[in-house]
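# Close look at the chain arrangement
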Amino acid sequence: MGLSSSSRLPKNRAVNRQQLFSTIKRVVVKVGSSTLTEGTDLSLIKMERLVEELSQVKQNGIEVVLVTSGAIAAGRGRLAHYFQDSAGSTLDPSQSTKVASCNSGINPVIPELQAAAAVGQIHLMYGYKQLFEQFGHLAAMILVTQDDFDHRQRYTHISDTLRTLLRFGVIPVINENDTVAVDEIKVGDNDTISAYVTNLVEADLLLILSDQAGFYTRDPRKYPEAELISTIIQITDEIRAAAGEAGTEKGTGGMQTKIRAAEIVTGAGEIMVIADGSQPMVINQVLSGREVGTLFLPPDATRRMSARRRWIAYSRPTRGVLFVDDGAKKALTTGGKSLLPSGIRHVSGDFKFGDTVSCCDGNQQEFARGLVNYTAQETKQILGKHTRQLQKIIGNFYYDEVIHRDNLVLLKSSQN
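Here's what I pulled together on the structure shown here.

Here the focus is the pattern of salt bridges. Overall, the coordinates contain 18 salt bridges when judged by the stated rule. R319 is the salt-bridge partner of D150, the closest N and O atoms lying 3.5 Å from each other. Within this pair, whereas D150 is found in helix α6 (residues 146-150), its partner R319 is found in the loop between α12 (307-314) and β11 (320-324), the two being separated by 169 residues in sequence. D150 gets classed as buried once you look at its relative accessible area, which sits at 9%. Residue R319 is classed as partly exposed on the basis of its relative accessible area, which comes to 36%. Put simply, E270 and R310 hold a salt bridge, and the shortest N to O gap is 2.6 Å. One end of the pair, E270, is in the loop between α10 (255-267) and β9 (271-276); the other, R310, is in helix α12, and 40 residues separate them in sequence. As far as burial versus exposure is concerned, E270 and R310 are alike and both buried. Linked by salt bridges that have partners in common, D204, E270, R304 and R310 make up one network.

Assignment of secondary structure puts S22 in the loop between α1 (17-21) and β1 (26-31). What makes S22 partly exposed here is its relative accessible area of 49%. Counting along the chain gives 266 residues from S22 to S288, while the straight-line C-alpha distance between them is 7.3 Å. A polar contact is formed between the side chain of S22 and the backbone oxygen of Q19, at a distance of 2.7 Å.

Moving on, we come to the packing of aromatic side chains. This structure, assessed with the given rule, holds 5 aromatic pairs. Grouped by ring-pair contacts, the aromatic residues F149, Y155, Y196 and W311 constitute a single cluster.

Glancing now at the sheet that holds strand β7 (residues 205-210). Taken in spatial order, the 8 strands line up as β5-β6-β4-β1-β7-β9-β10-β8 in an open sheet, and their pairing is mixed. Of all the strands in the sheet, the pair left with one neighbour each is β5 (139-144) and β8 (231-232). Pairing of β9 with strand β10 (residues 294-296), which is carried by 3 bridges, proceeds in the antiparallel orientation. Within β10, the position partnered with V273 by the bridge is L295. Where helix α5 (residues 110-134) meets the sheet, it contacts β1, β4 (63-68), β5 and β6 (171-176), and its direction lies at approximately 165° from that of β6.

Once that is clear, we can look at the nonpolar core. Core analysis: the largest hydrophobic core is formed by 48 residues, its most contacted members being V28, I174, V197, L206, F215, M272 and F296. Ranked by residues supplied to this core, first place goes to α10 with 6 residues. Every residue in contact with L206, bar those within four places of it in the chain, is listed here: V28, K30, S194, A195, T198, A261, V265, I271, M272 and V273. Residues L42, V64, Y128 and L295 belong to the second largest nonpolar core, which totals 38 residues.

Rules and cut-offs
- Residues numbered from 1 in each chain as written.
- Predicted model: local features only at pLDDT ≥ 70, side-chain atom pairs only at ≥ 80, totals over all residues.
- Heavy atoms only, no water.
- Salt bridge = Lys/Arg side-chain N within 4 Å of Asp/Glu carboxyl O.
- Helix = DSSP H or I, 4+ residues; strand = E, 2+ residues; numbered from the N terminus.
- Buried < 20%, exposed > 50% of the residue type's maximum accessible area, 1.4 Å probe, protein only.
- Polar contact = N/O pair within 3.5 Å; in protein donor to acceptor, adjacent residues only side chain to side chain.
- Phe/Tyr/Trp six-rings, centres within 6.5 Å; stacked < 30°, edge-to-face > 60°.
- Pairing = 2+ DSSP bridges.
- Contact = heavy atoms within 4.5 Å.
- Axes fitted to C-alpha atoms, helices over the stretch in contact; angles between N-to-C directions.
- Core = buried A, V, L, I, M, F, W, Y, C linked by side-chain atoms within 4.5 Å.

Set out below in structure tokens:
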């Protein structure tokens, strides 16, 4: 099902892009494999164009962080005669998830992909180093996994490092550490990583360079009548559904991951743009305020989340769901209260102390996220109970609250 253009936007919010982008001081640019490759190989010409434009942005006084794909593509070309499947034909990395597992339970393709990433990462980053130095800029390499965003101490250390690099005038170049990443610690796509990084450094803008001109009502390669949406101010279920058929890329990302990135960035109070990475000078066009690509705006442009609240709400996956009654929801959303066991009606998921969980109302609508003080099993034992009953139910306990108000973040989309 496509997205009707008449239903996509409220009509009471005009956007002056020139004015909006005139205040940008720090930008995260994400470039996907499709923007960096020619066929199946990394294109140095495309890399040089990208670096030249990012250097111009930097020279114009805007701090730049680059989130890049391309390591597997770079390594695959150098391992071409090894990188074959059992039938002897060259293996396409994008098909890796479709390959059946061995009897041992290990996907036979993963080691080859990680080997390609190991070989390619050094060439990819060396290419960026050489190119940025040609334009008078120093680049730094940072490789991340989901663990780096999950753990508060590691998260703050990365934040400190990135902010120090920016203060020194260095351009950080970030990629997922595909060489060691497995399902348990893998973010999975650089769209999400770029959104995490945007919140991590509190950038003013996330610019995702895609193989499409922006977000369309339908996949324009299948439906010529599809319309490019210029501005989106609320990510609705209709938008999410349209993202499922808006096309995919050569990499692990697609429009669905880009919409997820937009939810993370705009939820924290920042803006995001999807634009065509093959378009000449596209970054400068976006920053100059031209009507390029699709602009995603936050629900409330006057409110920006603090760094810690961004971490709680958007930098780690939720491990479970707490369904609460109307009284508890009101206490949390309007009374500034903590979540007590008595307000919980149902528990879903398998979470531990300190994990992030979602809070949903009776209509199964998520309205908050927070750090939980009990395991899933303990929460199931005490849900609906008064605090004075906790000791009798679970013995010694340390918290009256299942989620303390200081560790609870209301989602802005729920407050509109």
